[in-house]
Amino acid sequence: MTTKDTPMTTQTYVAKITVPTPTATTLWMRGFLPWQLWRFVWLNLKMLRMISLSHPTRRDPSAPKAP
Amino acid sequence: MARVVILGAGIAGHTAAMVLRRTLPKEHVVCVVSPKPDYNWIPSNIWVGVGRMAREKVVVPLAPIYARLGIEFIQASATEIHPAGNPNHPGPYIVATPTTPGAATESVEVAYDWLINATGPKVRFDRTPGLGPDGGHTHSVCTDRHAVDAATALDAAIQRMKAGERQTLVVGMGHGTCTCEGAAFEYTFNVEHELRRHGVRDLADLVYLTNEAELGDFGVDGLVIRNGGFHTPSSVFAGSFFAERSVQAILGAHVQAIEPGLIRYETLDGVDHEQRYDFAMLLPPFTGVGLKAFGAQGEDITDTLFAPSGFTKVDADYTPKPYEAWKPTDWPSTYRNPTWKNVFAVGIAFAPPHPISRPRTSPRGTVISPAPPRTGMPSASMARAVAENIADMILGRATEPERLSSMANMGAACVASAGSGFWAGNAVAMTMFPIVPDYTRWPGAGRDERFTFGEVGTAGHWIKLVLHHLFLYKARAKPFWWMVPE
């Protein structure tokens, strides 16, 4: 894919459609409310776990002090 | 009595101030020096920038909150730091210029025992001729007011399309060294959604112009996302979304100059190009805000506090080294200046040791490589850690910063909305852990696959809405605000 002002010779750094695209079922599932409610709960739980892992760690008392 | 001064009241500075005030007894002073009277929840500027949210919904006046909490607030722009004081002013202090309209503009001196630099960046529209809304030809969503202007211009383009005129809309990065690609990604798909909502999508050529060498780099060297039973590179994940929404992408681009209706840019292969546009939202590169530091005798000691980029030096390993030699331990964990032990920097204000994305230059030597992102969730997380460390040292519970909060041990969530409406909205929700990849702990992908995932759907849009309301609730310091996690 190129912009209309960019000739094809520059396609080295221009995205091409070489990627999967969603099927009609996938698109429908993205808006299917019962499924999305479940995903909302699941994503929130995963994010909360990720946030808890991101909390500061305590300095190891045996580690050398910062200069 | 200790006096903690915080420069800036963005996500990092405001978090640090509130945590310190909640932690320290009242005899200690917490003082915020910020040039703006409002807190801006910047992630929602995207919705302001497409006209789907009023500016007032993303800003919170700071003075009433600080008055209620007992935080001193000086509306001023810091210009100098004197970490050793001087003969007339024995203790450390900063110099700031008041920015309250109509008030005196004489500089004020603000003494401190502990200083947190959370000024955020200076947006450098001047690095690209013609870039930016102030004297340039493009728009921005960096500030709430920029976003309002962008929404007005976007609406004008939509009206022209409704009149039958074909339009080219370009969204992305206005320089080869920009960061915050996630924001441009999100704005692109919000614009795309607006075009469809107004029934003019077929009259628009929507172009994403970026300094990323691949889609989905996001300044973090890309991700390997767990999605749909596959380990999927973010280039494929993001590329799929571009293909689905028919958004064209120009990758590895450094914008050289912008003229009315024309963007000139160089790509990583060293070739010059031109891109026509009718509406453009291009983000600027960032530097530090340009603070100067002076010693006790008035000598310039800026280089002890600041890197050449203007960002504050902290406990990072700044030894220049090639990409292959980068280590997670290069990244800071206490955000303390190595020379001045009572000075810290959080959020965008700290100097990163190096980028996260692989550095790239064109054959002509032009750097075209994203700078590392350190906004939003990571900046709040490190601000809390620094605030708690300072409180511990003031209260005698520690002699050194004991809480370590490195971006190499910290995750981030990026929820890029792509449409509004409670039931019909859509968003790309992505998380990564950690931000800085660690190929020793997680060979191959560099990140923990359990917490590096992404998916598209209405659920992501709800998460974005929840984050908007939750963080503004927290910013207003409403009851139990401190229970909202960073």
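Everything numeric here is computed off the predicted structure, so don't read it as measured data.

The rules behind each value
Residue positions are given per chain, counting from 1 as you read along its sequence in written order. For naming, the first written chain is A and the first written ligand is 1, with later ones following in the order written. It should be noted that, the model being predicted, local features are given only for residues of pLDDT at least 70 and side-chain atom pairs only at 80 or more, the latter also being counted only at that level, while totals for whole chains, interfaces and linings use all residues. Side-chain metrics in this entry use all non-hydrogen atoms of the structure; hydrogen atoms and water are not considered. Here a strand is any run of E in DSSP of at least two residues, a helix any run of H or I of at least four, and the numbering for each starts at the N terminus. The buried label goes to any residue with under 20% of its type's maximum accessible area, the exposed label to any with over 50%, and the partly exposed label to all in between, with areas taken from a 1.4 Å probe on protein chains only. Contacts are residue-level and defined by heavy atoms, with any inter-residue pair within 4.5 Å sufficient. A 1.4 Å probe and the Shrake-Rupley method give the accessible areas. Residues count as covered only by the protein chains that appear here. For two strands to pair, DSSP has to find at least two bridges joining them. To obtain an axis, a line is fitted to C-alpha atoms, over the contacting stretch when the element is a helix, and the angle between two such axes runs from 0 to 180 degrees between their N-to-C directions. An arc is given here, and it is the one of the directions from the helix axis to the C-beta atoms. The quantity reported as buried area is the accessible area (1.4 Å probe) lost by two parts once they are put together, taken as the sum for both. When a carboxyl oxygen of Asp or Glu lies within 4 Å of a side-chain nitrogen of Lys or Arg, that pair is called a salt bridge. Two N or O atoms form a polar contact when they lie within 3.5 Å of each other; inside protein one atom must be a possible hydrogen donor and the other a possible acceptor, and for residues adjacent in sequence the pair counts only when both atoms belong to side chains. If the strands point away from the viewer and the path from the first strand over the helix to the second runs clockwise, then the crossover is right-handed. Patch rule: a residue counts if its relative accessible area is over 30% and it has no salt bridge; like charges are joined within 9 Å, and nonpolar side chains (Val, Leu, Ile, Met, Phe, Trp, Tyr) within 5 Å. The quantity known as pLDDT measures the predictor's confidence residue by residue, on a range of 0 to 100. Residues belong to a common nonpolar core when they are buried Ala, Val, Leu, Ile, Met, Phe, Trp, Tyr or Cys residues joined through side-chain atoms within 4.5 Å. Multiplying 1.5 Å by the helix residue count minus one yields the expected span of that helix. Note on disulfides: each one is a pair of cysteine sulfur atoms within 2.5 Å.

**Student:** Hey, could you go over the overall build of chain B for me, with residue numbers and the actual values?
**Tutor:** A count of helices and strands for chain B gives nine helices and 25 strands. Considering only C-alpha atoms, chain B reaches an extent of 70 × 55 × 45 Å along its principal axes. By the burial criterion, 63% of the 486 residues in chain B qualify as buried. Across chain B, the fraction of contacts at a sequence separation of at least 24, relative to all contacts at a separation of at least 6, is 68%. Here chain B displays about 17400 Å² of accessible surface, and carbon together with sulfur accounts for 56% of that area.

**Student:** Give me the lowdown on the environment of L282 of chain B, citing residues and values where you can.
**Tutor:** Residues and elements named next belong to chain B. Within the secondary structure, L282 is located in strand β18 (residues 279-283). Remark: the alpha-carbon pair of L282 and C142, spanning 140 residues in sequence, is separated by 9.8 Å. L282 has contacts with F125, L131, T138, H139, V170, V171, G172, M173, G174, I258 and I263, leaving out every residue within four places of it along the chain.

**Student:** Got a sec to walk through the sheet that holds strand β15 (residues 253-259) of chain B? Specific residues and values, please.
**Tutor:** All names here are of chain B. Taking strand neighbours across the sheet as the criterion, the three strands line up as β15-β16-β17 in an open arrangement whose pairing is antiparallel. Each end of this open sheet is capped by a strand with a single partner; those strands are β15 and β17 (272-276). Strand-to-strand twist in this sheet, taken as the mean axis angle between neighbours without regard to direction, amounts to 25 degrees. Note that strand β16 (residues 262-267) and β17 share five bridges and pair antiparallel. What sits directly across from R264, in β17, is E274.

**Student:** So what about helix α3 (residues 62-69) of chain B? Which residues, and what values?
**Tutor:** All names here are of chain B. Buried within α3 we find L62, I65, Y66 and L69. An end-on view of α3 places all buried positions within 95 degrees of arc, on one side of the element. Opposite the buried face of α3, at more than 90 degrees from it, the exposed residues are P64, A67 and R68. Where α3 is buried, its residues contact α1 (11-23), β2 (29-34), β3 (38-40), β4 (59-61), β5 (72-82) and α9 (458-475).

**Student:** Which residues make up the interface of chain A and chain B, and what values do they have?
**Tutor:** Each partner contributes to the interface: chain A provides 40 residues, whereas chain B provides 60 residues. Across the chain A to chain B interface the summed buried area is about 4400 Å²; carbon plus sulfur atoms make up 63%. Between the two partners, chain A and chain B, sit two salt bridges. In this structure, R39 of chain A engages E455 of chain B in a salt bridge whose closest nitrogen and oxygen atoms are separated by 2.6 Å. Summed over the shared surface of chain A and chain B, the number is nine residue pairs in polar contact (both at pLDDT 80 or more). Elements represented by at least two residues in the side of chain A that touches chain B include exactly α2 (33-54) and β1 (57-58) of chain A.

**Student:** Tell me about the sheet that holds strand β11 (residues 204-209) of chain B, and name the residues and values.
**Tutor:** All names here are of chain B. Spatially, four strands are ordered β14-β11-β10-β18 in an open sheet, and the strand pairing comes out parallel. This sheet does not close on itself; its edge strands, each paired only once, are β14 (248-250) and β18. Each strand axis lies, on average, 15 degrees off the axis of its neighbour in the sheet, ignoring direction. Both strand β10 (residues 167-173) and β11 contribute to a ladder of six bridges, which runs parallel. When the sheet's bridge partners are listed, V171 is paired in β11 with Y208.

**Student:** How would you explain the pattern of salt bridges if you had to name every residue and give the values?
**Tutor:** Following the criterion strictly, the structure yields 31 salt bridges over all chains and no others. A salt bridge links K464 of chain B to E186 of chain B, with the shortest nitrogen-to-oxygen separation between them at 2.9 Å. With K464 of chain B in helix α9 and E186 of chain B in helix α5 (residues 181-197), this residue pair connects regions lying 278 residues apart in the sequence. The residue R403 of chain B makes a salt bridge to E388 of chain B at a minimum N-O spacing of 3.1 Å. Taken together, the residues span a long stretch of sequence, with R403 of chain B in strand β22 (residues 403-404) and E388 of chain B in helix α8 (residues 377-394) at a distance of 15 residues. For the pair R403 of chain B and E388 of chain B, one class covers both residues: buried. Each member of the salt-bridge network shares a partner with another, and the members are R30 of chain A together with E192, R196, R201, E244 and R245 of chain B.

**Student:** So what's going on with the pairing of β10 of chain B? Residues and values would help.
**Tutor:** Residues and elements named next belong to chain B. Among the seven residues of β10, seven are classified as buried, and the element is accordingly described as predominantly covered. Crossover β10 to β11 through α5 is right-handed. Pairing between β10 and β18: five bridges, direction parallel. Among the inter-strand pairings, G172 is bridged to a residue of β18, identified as L282.

**Student:** So what's going on with a nonpolar patch on the surface? Which residues, and what values?
**Tutor:** Residue and element names in this part refer to chain A. A contiguous nonpolar patch, built from W28, F32, W35, W38, V41, W42, L45 and L48 and spanning about 800 Å² of accessible area, is present on the exposed surface. One can find V41 in helix α2. Overall, the relative accessible area of 42% leaves V41 in the partly exposed class.

**Student:** Explain the confidence of the model for chain A residue by residue, including any values.
**Tutor:** Residue and element names in this part refer to chain A. For chain A, per-residue confidence averages 74 on the pLDDT scale, and residues scoring 70 or more make up 63% of the total. Per-element averaging of pLDDT across chain A places β1 at the bottom with 78 and helix α1 (residues 24-29) at the top with 93. Note that residues 1-15 has pLDDT below 50 and, in this model, 37 contacts with residues that lie over four places away or in other chains.

**Student:** Which residues make up the nonpolar core, and what values do they have?
**Tutor:** All names here are of chain B. One finds L20, F185, Y187, Y335, V346, I390 and M407 to be the most contacted residues of the largest nonpolar core, which totals 112 residues. Top contributing element to this core by residue count: α8, with nine residues. Setting aside chain neighbours within four positions, we find M407 in contact with W331, P332, Y335, F350, I356, P373, R374, M382, P434, I435 and V436. Residues C31, V33, A76 and V343 belong to the second largest nonpolar core, which totals 19 residues.

**Student:** Talk me through α5 of chain B; I want residue IDs and the actual numbers.
**Tutor:** In this model α5 of chain B runs 24 Å from its N-terminal to its C-terminal C-alpha over 17 residues, within 8% of the 24 Å that 1.5 Å per residue would give. The first or second residue beyond α5 of chain B is G199 of chain B, which carries a positive phi of 70 degrees.

**Student:** Which residues make up the state of the cysteines, and what values go with them?
**Tutor:** Residues and elements named next belong to chain B. In total, this model carries zero disulfides over all chains according to the counting rule given. Left unpaired, C142 is separated from the closest cysteine sulfur, that of C180, by 7.4 Å. Overall, the relative accessible area of 15% leaves C142 in the buried class. Of all cysteine sulfurs in the structure, the one in C142 sits closest to C178, which takes part in no disulfide; the separation is 8.7 Å. On the basis of relative accessible area, C178 is assigned to the buried category, the value being 0%.

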